[in-house]
Amino acid sequence: MVIIDNFCNSKPEVINRIQKITGKTVALIQGDVRDKVFLGTVFKQHAIKAVIHFAGLKAVAESVANPLRYYDNNVMGSLALVEVMTEFNVKNLVFSSSATVYGFSDTKPIPETAPLSPFNPYGHTKRMVEQILEDLSASDSAWNIALLRYFNPVGAHESGMIGEDPNGIPNNLMPYVSQVAAGKLKELSIFGNDYPTVDGTGVRDYIHVVDLALGHVAALNVLDKNCGLLTVNLGAGHGYSVLELVHTFQEVTGRAIPYRIVERRAGDIAMYFADATLAKQKLAWQTQRDLADICRDAWHWQSQNPQGYS
Ligand code: UFG
């Protein structure tokens, strides 16, 4: 296996920890997915059979402030990758897409057939790459492509050795809650409690990162059987509110999470969760870990690595 990373949002130490967990040696090559010459040398030097493409930026607010950076990284990077894959006749690809492509969907749970209407530059880049890959698949049946639409990936590896290490103050709920539990941040701001949900706070489909990883393994197995194009939601199939998550985190870890209700965050959706039946049918995959597992593992990672990877 070969990992390519430009480390703009991650640390090389992760690789050491992956090797410890798996007992396998991993080749790491530092470089940028937009650099076709670089990619060409990697494909020349290694017998690559399939690619899992995670190389994207993912902060919604940053994408609104700096859209060109997002189009460049996410769209141009994907284009460069599939061009080089075509050149080397490697035509099995798993792409990290996002539930964000559904935008303000009225359907709950959301099936893969729901209308698509992303509404920020980050979401547009995900949908554009899906479109490119759909067109590519239609043009050449040798391609096998899995578009995996992630819901809300959270938690950490059970060992506590690899987890999320956001730059600066976290934007997302779970790393924020973890840092409040650790005393690094004073209190959680809950963005609105007047949504039409179970307790007024936003509802999301949280999926444990290990379940998510296993979804990729399942997708690779299906690509091997010449599946063509496959578009699948990766979610648990049910949602939890912010308050439900906070209460579960407190129960599982015994840590207090002080919080305050503040204004809604611009661009937030009240509620969404996956229709997860297609993944079960096509990938023989479903989530195995629940919200308590997610909270336990997130806290395990946070408490063992108070400074992240550094
Ligand atoms: N929330 C808070 N306080 C916080 C952070 C979040 O109350 O400090 C709430 C949000 O309002 C929302 C829920 O917690 O109701 C989850 O918010 P996150 O920021 O963790 O996740 P989002 O659902 O907003 O975003 C995620 C991914 C994005 C992706 C989006 C849509 O992080 O990359 O889903 O698919 F675009």
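Below: a short report on this structure. Predicted model, so just to flag it, every value in this text is computed and none were measured. (Residues numbered from 1 in each chain as written. Predicted model: local features only at pLDDT ≥ 70, side-chain atom pairs only at ≥ 80, totals over all residues. Heavy atoms only, no water.)

For the rest of this paragraph, the subject is the site of the ligand. Not every one of the 21 residues close to the ligand is listed here, only the nearest: L173, S189, R204, D268 and Y272. With respect to the ligand, the side chain of S98 contributes an N or O atom lying 3.3 Å from an oxygen atom. In the model, a nitrogen atom of the ligand is placed 2.7 Å from a nitrogen or oxygen of the S189 main chain. Considering the ligand on its own, with 700 Å² of exposed area, one finds that the protein chains cover 90% of that surface. Looking at which element gives the most residues to the shell around the ligand, the answer is strand β7 (residues 188–191), with four residues. Of the residues in the shell around the ligand, the class split is 10 nonpolar, seven polar and four charged. (Near = heavy atom within 4 Å. Polar contact = N/O pair within 3.5 Å; in protein donor to acceptor, adjacent residues only side chain to side chain. Areas by Shrake-Rupley, 256 points an atom, 1.4 Å probe, with all protein chains shown as cover. Helix = DSSP H or I, 4+ residues; strand = E, 2+ residues; numbered from the N terminus. Nonpolar A, V, L, I, M, F, W, Y, C, P; charged D, E, K, R; others polar.)

As a further point, take helix α5 (residues 121–139). With 19 residues, α5 extends 27 Å from end C-alpha to end C-alpha; this agrees with the ideal 27 Å at 1.5 Å per step. Buried within α5 we find P121, Y122, G123, T125, K126, R127, V129, E130, L133, L136 and S137. Each element contacted by the buried residues of α5 is listed here: α3 (60–65), α4 (67–87), β4 (92–98), β5 (144–150) and β10 (229–234). (Expected span 1.5 Å × (residues − 1). Buried < 20%, exposed > 50% of the residue type's maximum accessible area, 1.4 Å probe, protein only. Contact = heavy atoms within 4.5 Å.)

Right, let's talk about helix α7 (residues 209–223) for a bit. The end-to-end C-alpha distance of α7, which contains 15 residues, comes to 21 Å, matching closely the 21 Å that a straight helix rising 1.5 Å per residue would cover. Of the residues making up α7, those classed as buried are V210, D211, L212, G215, H216, A218, A219, V222 and L223.

Next up on the list: the nonpolar core. Formed by 22 residues in total, the largest nonpolar core has its most connected members in L173, M174, V177, L188, L245, F249 and I257. Among the secondary structure elements, those contributing two or more residues to this core are α6 (173–181), β7, α8 (242–253) and α10 (291–304). With six residues, α6 is the single largest residue contributor to this core. Ignoring any residue separated from it by four or fewer positions in sequence, one finds L173 in contact with L188, Y206, V242 and L245. (Core = buried A, V, L, I, M, F, W, Y, C linked by side-chain atoms within 4.5 Å.)

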